[in-house]
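Tertiary structure, described
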Amino acid sequence: MFIYGPVPSRRLGRSLGVSLIPAKTCTYSCVYCQLGRTNRLQSRRESFFPKERVLSEIRKQLSISEADFISLVGDGEPTLSLDIGWLIQKCKENTDRPIAVITNGSILFRPDVRDELMAADVVIPSLDAGSEEVFRAVNRPHGNIEYDRMLQGQVDFRREYKGQIWLEVMLVHGVNDTEAALKEIRSAAGQIMPDRLYITTPIRPPAEPWVEPPPPDEIIRAQQILGQSFTIDERESGGFGLDSFSGARQAILEIGSRHPLRLEQALEIENEFAESGTVEMMLKEKKLVKISYSAIEYLLPDYFVRNR
Ligand code: SF4
């Protein structure tokens, strides 16, 4: 399935997620990634799936469920898909739902990628570093992607794009939350001039077990340094759209592979389908593994854990 949700999103309300990328294919292998380490680190763009099938799933899902946004996101970096521009155009023709692209912004230096995102309503790029050194430490990019080129791509995109840019900075304690690192990020973000700046912190089990969010007083300090910004360090709330799933097992695996589920969320899904005992059975079969992060229990598909 290429579609998941709608899922509750901390920025987008009820968001219908669209994945155009095979798991886990990305230009980065961020230390904080909730999908584990990147097993296909690439900067080459491809057409990964038949685009008509993706569109047909979106149409079907929108006919049965409400969503505030269609979000092109998924199991890696969505702009690696050569079909993203076509899909945005088709979604615009078929629905009045706003479209968001959640991207790491790494290949916006390519004019074709910038052109293809022009029709999106909101683009949410990442900027976790203000220097090559911190960039390599936190995002671990593909060898073809240099910091200055990545940043220039985001600056060029801002100049050309008329929609909303909500820049997202993920803070990892001890890596990019020092005063010097934050001042460098402020300077880089100032060049991009986003409509909004979000400060986020890792809340789900990260690719690297040593990754921790900054303590609360450090987050306040980061806000003071980065200037006007929104902080989203709380867990999302609200139910998941389950209409397209045949049962709890499928729903938990499909949603959980893109959006790691807290134990209580998986149990709610089990209840929605009146399939009590599904989570326990999946744990016994080792389809799911229980992991604790920041004192919260998460259920991850077993291959996520093998990939950590
Ligand atoms: S957090 Fe995003 S950009 Fe970073 S490795 Fe994961 S999918 Fe790629």
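Preceding this paragraph is the structure being described.
These remarks concern the structure in this document. Remember, it's a predicted structure, so these values are computed and weren't measured experimentally. (Residues numbered from 1 in each chain as written. Predicted model: local features only at pLDDT ≥ 70, side-chain atom pairs only at ≥ 80, totals over all residues. Heavy atoms only, no water.)

From N to C terminus, the protein chain includes eleven helices and 13 strands. For the protein chain, the C-alpha radius of gyration of 19 Å lies close to 19 Å, the compact-globule estimate for 308 residues. In terms of principal-axis extent, the alpha carbons of the protein chain reach across some 50 × 45 × 35 Å. Within the protein chain, the fraction of its 308 residues that count as buried is 57%. Put simply, 74% of the contacts in the protein chain that link residues at least 6 apart link residues at least 24 apart. Of the roughly 12,900 Å² of accessible surface on the protein chain, a fraction of 49% belongs to carbon and sulfur atoms. (Helix = DSSP H or I, 4+ residues; strand = E, 2+ residues; numbered from the N terminus. Rg over C-alpha atoms; globule rule 2.2 N^0.38 Å. Buried < 20%, exposed > 50% of the residue type's maximum accessible area, 1.4 Å probe, protein only. Contact = heavy atoms within 4.5 Å. Areas by Shrake-Rupley, 256 points an atom, 1.4 Å probe, with all protein chains shown as cover.)

This part covers the nonpolar core. Among the nonpolar cores identified, the biggest contains 69 residues, and Ile58, Leu87 and Leu127 are the most heavily contacted of them. Each of domain 1 (3-244) and domain 2 (261-308) gives at least three residues to this core. In terms of nonpolar packing, the next biggest core, distinct from the first, is built from 19 residues, Phe240, Ile252, Leu261 and Ala266 among them. (Core = buried A, V, L, I, M, F, W, Y, C linked by side-chain atoms within 4.5 Å. Domains from an automatic or database assignment.)

It is worth spelling out helix α5 (residues 147-160) at this point. Taking 1.5 Å per residue as the helical rise, α5 with its 14 residues ought to reach 20 Å, and the 20 Å between its terminal C-alpha atoms agrees with that figure. When α5 is considered as a whole, its buried residues turn out to be Tyr147, Met150, Leu151, Gly153, Gln154, Val155, Asp156, Phe157 and Arg158. Those residues of α5 that are buried lie in contact with α3 (111-117), β7 (122-124), α4 (132-138), β8 (164-170) and α6 (179-192). (Expected span 1.5 Å × (residues − 1).)

Turning to the packing of aromatic side chains, a few remarks are in order. Across all of its chains, the model carries five aromatic pairs by this definition. Ring centres of Phe2 and Phe49 lie 4.9 Å apart, and the angle between their planes is 55°; on these two criteria the pair is classed as tilted. In this pair, Phe2 is assigned in the segment before β1 (3-9) and Phe49 in the loop between β4 (40-41) and α1 (51-64), connecting sequence segments 47 residues apart. Overall, Phe2 belongs to the buried group, its relative accessible area being 6%. (Phe/Tyr/Trp six-rings, centres within 6.5 Å; stacked < 30°, edge-to-face > 60°.)

With that settled, consider the environment of Ser9. Tracing the sequence through the fold places Ser9 in strand β1. When its relative accessible area of 21% is taken as the criterion, Ser9 is described as partly exposed. Expressed as a C-alpha distance, the spacing of Ser9 and Gln61, which sit 52 residues apart in the sequence, is 17 Å. At 3.2 Å, the side chain of Ser9 forms a polar contact with the backbone nitrogen of Arg11. (Polar contact = N/O pair within 3.5 Å; in protein donor to acceptor, adjacent residues only side chain to side chain.)

With antiparallel pairing, the three strands of this open sheet are ordered in space as β11-β13-β12. For this open sheet the edge positions go to β11 (261-262) and β12 (288-293), each flanked by a neighbour on one side alone. Pairing geometry for β11 and strand β13 (residues 296-301), over two bridges, is antiparallel. Bridge pairing in β13 places Leu261 opposite Leu299. (Pairing = 2+ DSSP bridges.)

Time to look at the pairing of β12. As paired strands, β12 and β13 are joined by six bridges and run antiparallel to one another. From the neighbouring strand, Lys290 faces β13, where its bridge partner is Leu299. In textbook terms, the turn of a hairpin is the stretch between consecutive antiparallel strands, and for β12 and β13 this stretch comprises two residues, one of which, Ser294, has a positive phi near 50°.

Distances and angles like these do not, on their own, reveal function.
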